[in-house]
Amino acid sequence: MPESFTPTEMMTVAASRALKSSDVCFVGIGMPSAACNLARLTHAPGITLIYESGTIATKPAILPLSIGDGELCDTALTTVSVPEMFRYWLQGGRMTVGFLGGAQIDRYANLNTTVVGPYDKPKVRLPGGGGAPEIAIACGEIFIIMTHGKRGFVEKLDFVTSLGHGDGGDHRARLGVKTKGPTRLITDLCVFEPDPLTKEMTVVSVHPGVTREEIDRNTGWKVKYAADATTTPAPSAEELTVLRELHARTKRAHGDQA
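Conventions used here
- Residues numbered from 1 in each chain as written.
- Predicted model: local features only at pLDDT ≥ 70, side-chain atom pairs only at ≥ 80, totals over all residues.
- Heavy atoms only, no water.
- Helix = DSSP H or I, 4+ residues; strand = E, 2+ residues; numbered from the N terminus.
- Rg over C-alpha atoms; globule rule 2.2 N^0.38 Å.
- Buried < 20%, exposed > 50% of the residue type's maximum accessible area, 1.4 Å probe, protein only.
- Contact = heavy atoms within 4.5 Å.
- Areas by Shrake-Rupley, 256 points an atom, 1.4 Å probe, with all protein chains shown as cover.
- Phe/Tyr/Trp six-rings, centres within 6.5 Å; stacked < 30°, edge-to-face > 60°.
- Lys NZ or Arg CZ within 6 Å of the ring centre and 35° of its normal.

> For this particular structure, what's the right way to read the overall build of the chain?
Of the regular secondary structure elements, the chain holds eight helices and 14 strands. Relative to its length of 258 residues, the chain is compact, with a C-alpha radius of gyration of 18 Å against a globular reference of 18 Å. Overall size of the chain, expressed as C-alpha extent along the three principal axes, is 45 × 45 × 35 Å. Evaluated residue by residue, the chain yields a buried proportion of 50% over its 258 residues. The long-range share in the chain, meaning contacts at least 24 apart out of those at least 6 apart in sequence, stands at 65%. For the chain, the accessible area works out to roughly 12100 Å², and carbon and sulfur atoms hold 54% of it.

Quick look at the structure:
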């Protein structure tokens, strides 16, 4: 039996399992980076990791502090300019997967990273979209990783920064967007996938030790569960060892900043 694990470790492992060796992945900093590098170091050694700063096929030994971390350039196959990264690589449809997160998400996986509260007089002004709006529509599919809580999982976004499935159904197609959009939402409680018709995010697996009542309590909308919803397999001993060693190396390299 695998040893005990934290909710964050479960979330990171579940996200990493969604990736394949054949993927070309646009990676975000933080948990997306941990998940993608865990996949590279375990079951998906052939995965191509690309960061927003222009580093292609990078293989960092430690997790970067930002997209400008020298570790990414030092271990990349090549580095291109940011305009080339977006105009040729991203908007050219060369990314199979993009990883995103946000401050708020709704039932159709639209994301807000702009403001909390009214736009002209917000309670909190967030970092903004950066490249996320383009990533959300240009990558073949989107995986979202977020900590689960009512502050972030809301009935209605205060601002739509990055398109998910819009109002649901075929909204993306009606807007002329040809990519799949969010196909997986991984939290520290469960995994969601979009309903094939409505595109509402639906729970397909519940993490070990988590109840449906806990998921309902931490979600701002009425949660739907797939008829065949299962229990997420617990992290294996190998997954935990590799992930913890990755974080330990990062902490030694960056100290308290990591």
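Alright, that's what it looks like, and here's the rest.
> Explain helix H1 (residues 7-17) here, please?
Each full turn of the α-helix corresponds to 3.6 residues, which orients residues three or four apart in the same direction. Counting buried positions along H1 gives eight out of eleven residues, so the element sits mostly inside the fold. For H1, the set of buried residues is Glu-9, Met-10, Met-11, Thr-12, Val-13, Ala-14, Ala-15 and Ser-16.

> What's the story with the packing of aromatic side chains in this structure? I'm lost.
Given two aromatic rings, one states the distance between the centres and the angle between the planes to describe the pair. Tallying each qualifying case throughout the model produces six aromatic pairs. Cluster of aromatic residues (ring-pair linked, three or more members): Phe-153, Phe-192 and Trp-221. Residue placement shows Arg-94 over the ring face of Tyr-88; its charged tip is 3.7 Å from the ring centre. Lying across the ring of Phe-143, Arg-184 places its NZ or CZ 5.7 Å from the centre.

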